[in-house]
Amino acid sequence: MPDQETASADALMISRKPWVLLRSGDFEQGLQIMHDEYEAKPTFRTRETLRLGIGYMWADMYDFAAAHFTAAAHAEFNGEIEFAFAGVAEWHLGNMEVATQRWREGLKAQYAVGC
């Protein structure tokens, strides 16, 4: 039976695997793992939300990232970070006005920090 240190190391490797896949160019598999982790946790999934959205951006899938972060930003529990990343994705798509709108919406987010 693995000890706690080994189990912790194994968990770390599993959590890093999608990034290893993305860095190697296997976007489909890496994003699928991230999507599965996101779907497996229906509430309070800030980590999974950020991870999947940033994965989309890493893969130059800014349209998916914009839709993903915009939906997250308008969810029941939101912070300025979801709006910020939605704005970044929109900016990469050339939608400067929409990007600016998302950033301004973030100032009024439910859990905005220091705004």
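Above this text is the structure in question.
Parameters at a glance
- Residues numbered from 1 in each chain as written.
- Predicted model: local features only at pLDDT ≥ 70, side-chain atom pairs only at ≥ 80, totals over all residues.
- Heavy atoms only, no water.
- Helix = DSSP H or I, 4+ residues; strand = E, 2+ residues; numbered from the N terminus.
- Expected span 1.5 Å × (residues − 1).
- Buried < 20%, exposed > 50% of the residue type's maximum accessible area, 1.4 Å probe, protein only.
- Contact = heavy atoms within 4.5 Å.
- 1 Å grid on protein atoms, 1.4 Å probe; cavity = no way out; pocket = protein on both sides within 12 Å on 5 of 7 lines; lining within 4 Å.
- Points joined across faces, edges and corners; volume = space filled by probe spheres on them.
- Nonpolar A, V, L, I, M, F, W, Y, C, P; charged D, E, K, R; others polar.
- Patch = residues over 30% accessible without salt bridge, like charges linked within 9 Å, V, L, I, M, F, W, Y side chains within 5 Å.
- Areas by Shrake-Rupley, 256 points an atom, 1.4 Å probe, with all protein chains shown as cover.
- Salt bridge = Lys/Arg side-chain N within 4 Å of Asp/Glu carboxyl O.

A. Region of interest: helix α4 (residues 62–73). Between the first and last C-alpha of α4 there are 16 Å, a value that for twelve residues agrees with the 16 Å anticipated at 1.5 Å per step. For α4, the full list of buried residues reads Tyr62, Ala65, Ala66, His68, Phe69, Thr70, Ala72 and Ala73. Close packing links the buried residues of α4 with α2 (27–40), α3 (46–58), α5 (80–92) and α6 (96–106).

B. Looking closely at the layout of surface pockets. Within this model, the largest pocket holds a volume of roughly 310 Å³. What lines the largest pocket is a set of 16 residues, among which Phe44, Arg45, Thr49, Ala75 and Phe77 lie closest to the centre. At the level of secondary structure, the elements contributing two or more residues to the lining of the largest pocket comprise α3 and α5. Residues that form the lining of the largest pocket fall into these classes: eight nonpolar, five polar and three charged.

C. Representation of a nonpolar patch on the surface in the model. Together, Phe44, Phe77 and Tyr111 line one region of the surface with nonpolar side chains, adding up to about 360 Å² of accessible area. Mapped onto the elements of the fold, Phe44 is located in the loop between α2 and α3. By relative accessible area, Phe44 is classed as exposed at 60%.

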